[in-house]
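A structural walkthrough
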Amino acid sequence: MTWPSLISCLPQVRGKYVENAPLADVTWLRVGGPAQVLYLPADEADLARFLAETPEEIPVTILGAGSNTLVRDGGVPGVTVRLTAPFGRVTAEDGARVRAGAAALDKKVAQTAAKAGIGGLEFFVGVPGLIGGALRMNAGCYDRETKDVLIEAAALDRLGRRIVVKADELGYAYRHSEAPDDWIFVEALFQGAPDVPEAVTARMDVITARREATQPIREKTSGSTFRNPDPPGTPDQRKAWKLIDAAGWRGKRIGGARFSEMHANFLINDGTATAADLEAVVEGARADILAATGIDLEWEVKRIGVETKT
Ligand SMILES: Cc1cc2nc3c(=O)[nH]c(=O)nc-3n(C[C@H](O)[C@H](O)[C@H](O)COP(=O)(O)OP(=O)(O)OC[C@H]3O[C@@H](n4cnc5c(N)ncnc54)[C@H](O)[C@@H]3O)c2cc1C
């Protein structure tokens, strides 16, 4: 799909605008249409000015590493923002704290903490996104989540104003935050605990090995498709993968899309899927599970953009 020119309505920035920018290349599922305009801000001041001066009726979408996002085939109208290198800094601070820009890889936060002798943040090595996505999704694994280690986060609102909030103001729940949809996180401050670097690194290695053994992490996937119906720690927790499996959807194909044989809650593009194929698999499973069990599973993966009718 091609879009009419939007750039003429946008403010002058020091960063870069790209029209009709392919997004499939920058998401893990590798599907979907282009961004009408992709904006790569030069730094936080540039992003703040862009937000302040861009007419409010123009939709603005923030994309991180695209490891939890399905871009629909019709592309994303308005402006899609991807944060750039100046947002990717990670530094260890006194008091076993780590400050990270929202474009830092979660893994880099874990590694920086380990090197500085800070424990407690090693779970981030198991999440393949950026810190902005972790703040939005309350990302976590193996019994720890972003909310457990977050002191405060900074975001820009749709008018470009910088807001700093404490973790308990973000309405965190399992893979969910109540942060306003239009906030763009720019920075986070995390609390760890003093530890021995080698011990932290060893725990990170265990997490990495466990993930490699149980998740199809080298495929075109988006991680867990559905939120589990019960949060971690619930006795007899109901798990989405078991429901998908029981409904016969593990490995069942529509076009190039299927749920992974290795982990039934991981959606896979075999390289030929469209976003519509992927959505059809998920909605097919959801409908069968609802009919069989009465459980209406919720998407954990975020979907953006316009559907195309086939
Ligand atoms: C192989 C694999 C394994 C995974 N394992 C796990 C796991 O163990 N635990 C887990 O929690 N997740 C897991 N995920 C899902 C995913 O990695 C996390 O949800 C991650 O936090 C998403 O980060 P991202 O940068 O890729 O976000 P994206 O997919 O780019 O975006 C996700 C959401 O966050 C929003 N967002 C992104 N950046 C910002 C920002 N700066 N400010 C505001 N909103 C923003 C987007 O608008 C979107 O709504 C896995 C994914 C894959 C592919």
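Note that the structure is predicted; figures quoted are calculated from it, not measured. (Residues numbered from 1 in each chain as written. Predicted model: local features only at pLDDT ≥ 70, side-chain atom pairs only at ≥ 80, totals over all residues. Heavy atoms only, no water.)

Turning to helix 7 (residues 275-293), a few remarks are in order. Look at helix 7: 27 Å from first C-alpha to last across 19 residues, which is about the 27 Å you get at 1.5 Å a residue. Residues of helix 7 that are buried: Ala275, Asp277, Leu278, Glu279, Val281, Val282, Gly284, Ala285 and Ile289. (Helix = DSSP H or I, 4+ residues; strand = E, 2+ residues; numbered from the N terminus. Expected span 1.5 Å × (residues − 1). Buried < 20%, exposed > 50% of the residue type's maximum accessible area, 1.4 Å probe, protein only.)

Take the site of the ligand next. In the neighbourhood of the ligand, 36 residues make up the surrounding shell, with Ile62, Gly64, Ser67, Thr69 and Gly140 lying closest. Within the backbone of Ile62, an N or O atom sits 2.7 Å from an oxygen atom of the ligand. Expressed as a share of its isolated accessible area of 980 Å², the protein-covered part of the ligand is 94%. Where the shell around the ligand is concerned, the elements lending two or more residues are strand 3 (60-63), helix 3 (131-137), strand 9 (140-141), strand 13 (184-191) and strand 15 (220-224). In terms of residue count, the dominant contributor to the shell around the ligand is helix 3 (five residues). Across the shell around the ligand, the residue classes break down as 18 nonpolar, 14 polar and four charged. (Near = heavy atom within 4 Å. Polar contact = N/O pair within 3.5 Å; in protein donor to acceptor, adjacent residues only side chain to side chain. Areas by Shrake-Rupley, 256 points an atom, 1.4 Å probe, with all protein chains shown as cover. Nonpolar A, V, L, I, M, F, W, Y, C, P; charged D, E, K, R; others polar.)

Another aspect to go through is the domain arrangement of the protein. Domain parsing of the protein yields domain 1 (7-85), domain 2 (86-212) and domain 3 (218-304). Distance between the C-alpha centres of domain 1 and domain 3: 28 Å. Interface area lost by domain 1 to domain 3 is led by Leu29, Asn68 and Leu70, which between them contribute 42%. The interface formed by domain 1 and domain 3 includes one salt bridge. The salt bridge partner of Arg72 is Glu279, with a shortest N-O separation of 2.9 Å. At the junction of domain 1 and domain 3, the tally comes to nine residue pairs in polar contact (both at pLDDT 80 or more). Contributions of two or more residues to the side of domain 1 that touches domain 3 are made by strand 3 and strand 4 (69-71). In terms of residue count, the dominant contributor to the side of domain 1 that touches domain 3 is strand 4 (three residues). (Domains from an automatic or database assignment. Buried area = accessible area lost by both parts, 1.4 Å probe. Salt bridge = Lys/Arg side-chain N within 4 Å of Asp/Glu carboxyl O.)

Right, let's talk about the nonpolar core for a bit. In this structure, Leu47, Phe50, Phe124 and Phe190 are the most contacted members of the largest nonpolar core, which totals 59 residues. Shared between two domains, this core takes at least three residues from each, and those domains are domain 1 (7-85) and domain 2 (86-212). If sequence neighbours within four positions are ignored, Phe190 has contacts with Ala96, Arg97, Val98, Ala100, Val109, Leu121, Phe124, Ile131, Thr146, Val149, Leu150 and Ile151. (Core = buried A, V, L, I, M, F, W, Y, C linked by side-chain atoms within 4.5 Å. Contact = heavy atoms within 4.5 Å.)

Our next topic: the sheet that holds strand 7 (residues 97-101). Judged by pairing direction, the sheet is antiparallel, and its five strands sit side by side in the order 6-7-13-11-12 without closing on themselves. Edge strands, defined here as strands with exactly one partner in the open sheet, are strand 6 (90-93) and strand 12 (162-166). Here the average twist between neighbouring strands, direction ignored, is 15 degrees. With respect to the sheet, helix 2 (residues 106-115) is in contact with strand 6, strand 7 and strand 13, its orientation differing from that of strand 6 by roughly 35 degrees. (Pairing = 2+ DSSP bridges. Axes fitted to C-alpha atoms, helices over the stretch in contact; angles between N-to-C directions.)

It is possible for side chains bearing opposite charge to pair when their charged atoms get close. Taken as a whole and judged by the stated rule, the model has 25 salt bridges. The partner of Arg218 in a salt bridge is Glu212, with the nearest N and O atoms 2.9 Å apart. Judged by its relative accessible area of 40%, Glu212 is partly exposed. With a shortest N-O distance of 3.8 Å, Arg303 and Glu283 are connected by a salt bridge. On the criterion of sequence distance, the pair formed by Arg303 in strand 18 (residues 302-304) and Glu283 in helix 7 is long-range, its members being 20 residues apart. The partly exposed category is assigned to Arg303, whose relative accessible area is 29%. A relative accessible area of 27% means that Glu283 is categorised as partly exposed.

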